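What follows is the residue order along each chain.
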Amino acid sequence: MKKSNEKDCIFCHILANPDSVPVIYEDERVVVFPVLEPVNPGHVVVISRQHTPLITDLDERTAEHAMKIARKTAEALRKSNFKCEAINLFLADGKAGGQEVPHFHLHVYPRFKNDDFGFKYDKAKHFVKINRTQMDEVAAEIKHQLG
Ligand SMILES: [Zn+2]
């Protein structure tokens, strides 16, 4: 992946100009604010203060903390007046995975029945059942990399 530039990063710009968004929560590691183009009303992002595109580039404590704050935000969304039958936490970790802003951000947004939002996929290509041998191979490869 091409190294991203903080100067051109919209989230770094927001961090430098916090009045440009209504900040919902902030601390020394993360900031939470509503997105400009929500999936559904109540859609927010938890962004790291550190400019880094991938979760694997983020320090472990900040990654854990972002999930903790996303959980608290999800609790608030469930109590809010927004239509919220369910919640998606979505992290696009890399451009091919749908990441549009190369700065860590965890989406938290309400979902409800018939909201017409979802992932598009080809049933012939995705969610195709694998056998136990293939599962063993997947497990072995990832276990090996975990060390
Ligand atoms: Zn940035």
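Scroll up a little and you will see the structure.
All residue numbers refer to positions counted from 1 along the written sequence of the respective chain. The predicted origin of the model limits local features to residues at a pLDDT of at least 70 and limits the giving and counting of side-chain atom pairs to 80 or more, whereas totals for whole chains, interfaces and linings rest on all residues. To get the side-chain values, all heavy atoms of the structure are used, and hydrogens and water are removed first.

Student: Which residues make up the sheet that holds strand β4 (residues 86-90), and what are the values?
Tutor: When DSSP finds two or more bridges between two strands, those strands count as paired. By the criteria applied, helices consist of DSSP H or I runs no shorter than four residues and strands consist of E runs no shorter than two, each listed in order from the N terminus. One open sheet holds the 5 strands; their spatial order is β1-β2-β3-β5-β4, and the pairing between them is antiparallel. Here the strands that pair on one side only, and so sit at the sheet edges, are β1 (25-26) and β4. One ladder, built from 4 bridges, connects strand β3 (residues 44-48) with strand β5 (residues 105-111); its direction is antiparallel. In the sheet register, Ile47 faces β5, and the bridge partner there is His105. The sheet strands contacting helix α2 (residues 60-79) are β1, β2 (30-34), β3, β4 and β5, and the helix crosses β5 at an angle near 20 degrees. Working rule for contacts: check all heavy atoms of both residues, and any pair within 4.5 Å makes them a contact. Lines are fitted to the C-alpha atoms to define the axes, a helix being fitted only along its stretch in contact, and any angle between axes, read from their N-to-C directions, falls within 0 to 180 degrees.

Student: Can you tell me about the coordination of the zinc ion, naming the residues and giving the values?
Tutor: Cys9 (SG), Cys12 (SG), His51 (ND1) and His103 (ND1) make up the full set of protein donors to the zinc ion, lying at 2.0 to 2.3 Å. The rule for donors is simple: N, O or S, within 2.8 Å of the metal, or within 3.2 Å if the metal is Na, K or Ca. Water isn't counted, so a site may look like it is missing partners. Sequence spacing among the residues donating to the zinc ion works out to C-x2-C-x38-H-x51-H. With Cys12 in helix α1 (residues 10-16) and His103 in the loop between β4 and β5, this residue pair connects regions lying 91 residues apart in the sequence. The burial state of Cys12 is the same as that of His103; both residues are buried. Exposure classes here rest on a 1.4 Å probe applied to the protein chains alone. A residue is buried below 20% of its type maximum, exposed above 50%, and partly exposed in between.

Don't take any of this as a statement about function, it's just geometry.
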